[in-house]
Amino acid sequence: DVKVTQSSRYLVKRTGEKVFLECVQDMDHENMFWYRQDPGLGLRLIYFSYDVKMKEKGDIPEGYSVSREKKERFSLILESASTNQTSMYLCASSFPTPGSTDTQYFGPGTRLTVL
Amino acid sequence: DAKTTQPPSMDCAEGRAANLPCNHSTISGNEYVYWYRQIHSQGPQYIIHGLKNNETNEMASLIITEDRKSSTLILPHATLRDTAVYYCIVRLSDINTGTASKLTFGTGTRLQVTL
């Protein structure tokens, strides 16, 4: 079974703090993704990575950065947390299969509250 | 990606089959039908996907109509643990690791399994 783990299930931070969200997958997947999920807005892609040290902006990268130093680990960084970054953060990973589309597997999510 | 339409909610008695419909009338030939579910406050869970043929795995069956404009996810013996929001998604078969790989969830169907 694919396993994607996230460092925290619940996190409370103060405005202006630097926040690190960690994601680890154990299936040697090439692709890793960070989404946020908000009521009424669905799932929105923040950043993704298709290889070590490679990253691409998603739809809402502002206020975030990422790091992928090892294949199994993808970190999301909030440089200076703000209240509008209070959300559920979801990490996913996938392995593209030639001739098919890639199935993404999600972690349990981190519910971040910024006060 | 093509738009999907799902009923907002459904009920199912425990032990009975749950049949969740999805309309995707604008689906194109190279788009797959994917199903995910999300139990409250958890990350989305992959269930099944298919292109043209019906598919079955240990979790569910996917029935795709011949014209591919609609599909049905079948949970053969629903249990209380199947209570969740179920998302039907259509995605390109392009394995390009660009933003085309992102998942877009609609509002889904809230399935309530009752005793």
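Our subject is the structure that appears above.
What you are looking at is a predicted structure, and each value in this text was computed from that prediction instead of being measured.

(A) Molecular detail of the overall build of chain B. The number of helices and strands found in chain B is zero helices and nine strands. For chain B, the sequential pattern of α-helices and β-strands runs β-β-β-β-β-β-β-β-β. Counting only C-alpha atoms, chain B reaches 45 × 30 × 25 Å along its principal axes. Taken over 115 residues, chain B has a buried fraction of 43%. For chain B, the computed accessible surface area is about 5800 Å², with 49% contributed by carbon and sulfur atoms.

(B) Representation of the state of the cysteines. Taken as a whole, this structure holds two disulfides over all chains when the rule is applied. Between Cys23(A) and Cys91(A) runs a disulfide, and the two sulfur atoms are separated by 1.9 Å. Because the sign of the S-S torsion sets the handedness, a value of about -75 degrees for the bond joining Cys23(A) and Cys91(A) places this disulfide among the left-handed ones. With a gap of 68 residues between them, Cys23(A) in strand β3 (residues 19-25) and Cys91(A) in strand β9 (residues 87-94) connect regions that are remote in the sequence. Across this residue pair, the class does not change: Cys23(A) and Cys91(A) are buried. The residue that forms a disulfide with Cys22(B) is Cys88(B), at a sulfur-sulfur distance of 2.1 Å. A torsion of -80 degrees about the S-S bond marks the disulfide between Cys22(B) and Cys88(B) as left-handed. Of this pair, Cys22(B) sits in strand β2 (residues 18-23) while Cys88(B) sits in strand β8 (residues 84-92); the two residues are 66 residues apart in sequence, bridging distant segments of the chain. Under the relative-accessibility criterion, Cys88(B) is labelled buried at 1%. Cys12(B) forms no disulfide, and the closest cysteine sulfur to it belongs to Cys22(B), at a distance of 18 Å.

(C) Examining the nonpolar core more closely. One finds Leu20(B), Trp35(B), Leu73(B), Leu75(B), Tyr86(B) and Leu111(B) to be the most contacted residues of the largest nonpolar core, which totals 21 residues. Ranked by size, the runner-up nonpolar core spans 20 residues in total, among them Val19(A), Leu21(A), Met32(A) and Phe74(A).

(D) The arrangement of the pattern of salt bridges in detail. Residue and element names in this part refer to chain A. Scanning all chains against the criterion turns up eight salt bridges over all chains. One salt bridge connects Glu30 with Lys71, and the closest N-O pair in it is separated by 3.2 Å. With Glu30 in the loop between β3 and β4 (31-38) and Lys71 in the loop between β7 (64-70) and β8 (73-78), this pair connects stretches of sequence that are 41 residues apart. Among the residues examined, Glu30 registers a relative accessible area of 24% and is labelled partly exposed. Glu69 is the salt-bridge partner of Lys53, the closest N and O atoms lying 2.5 Å from each other. Placement of Lys53 in the loop between β5 (42-49) and β6 (56-57) and of Glu69 in strand β7 is noted, with a sequence separation of 16 residues between them. What emerges from the salt-bridge pattern is a single network uniting Asp28, Glu30 and Lys71.

(E) Inspection of the sheet that holds strand β1 (residues 4-6) of chain A at higher detail. Residues and elements named next belong to chain A. Strand order in the open sheet formed by four strands is β1-β3-β8-β7, and the pairing between neighbours is antiparallel. A strand with exactly one partner marks an edge of an open sheet, and here the two such strands are β1 and β7. Between one strand axis and the next, the sheet turns through 20 degrees on average, direction left out of account. Sheet topology note: the β1/β3 ladder contains three bridges and is antiparallel. Residue pairing in the sheet places Val4 in a bridge with Gln25 of β3.

Parameters at a glance
Residues numbered from 1 in each chain as written. Chains lettered and ligands numbered in written order. Predicted model: local features only at pLDDT ≥ 70, side-chain atom pairs only at ≥ 80, totals over all residues. Heavy atoms only, no water. Helix = DSSP H or I, 4+ residues; strand = E, 2+ residues; numbered from the N terminus. Buried < 20%, exposed > 50% of the residue type's maximum accessible area, 1.4 Å probe, protein only. Areas by Shrake-Rupley, 256 points an atom, 1.4 Å probe, with all protein chains shown as cover. Disulfide = S-S within 2.5 Å. Core = buried A, V, L, I, M, F, W, Y, C linked by side-chain atoms within 4.5 Å. Salt bridge = Lys/Arg side-chain N within 4 Å of Asp/Glu carboxyl O. Pairing = 2+ DSSP bridges. Axes fitted to C-alpha atoms, helices over the stretch in contact; angles between N-to-C directions.

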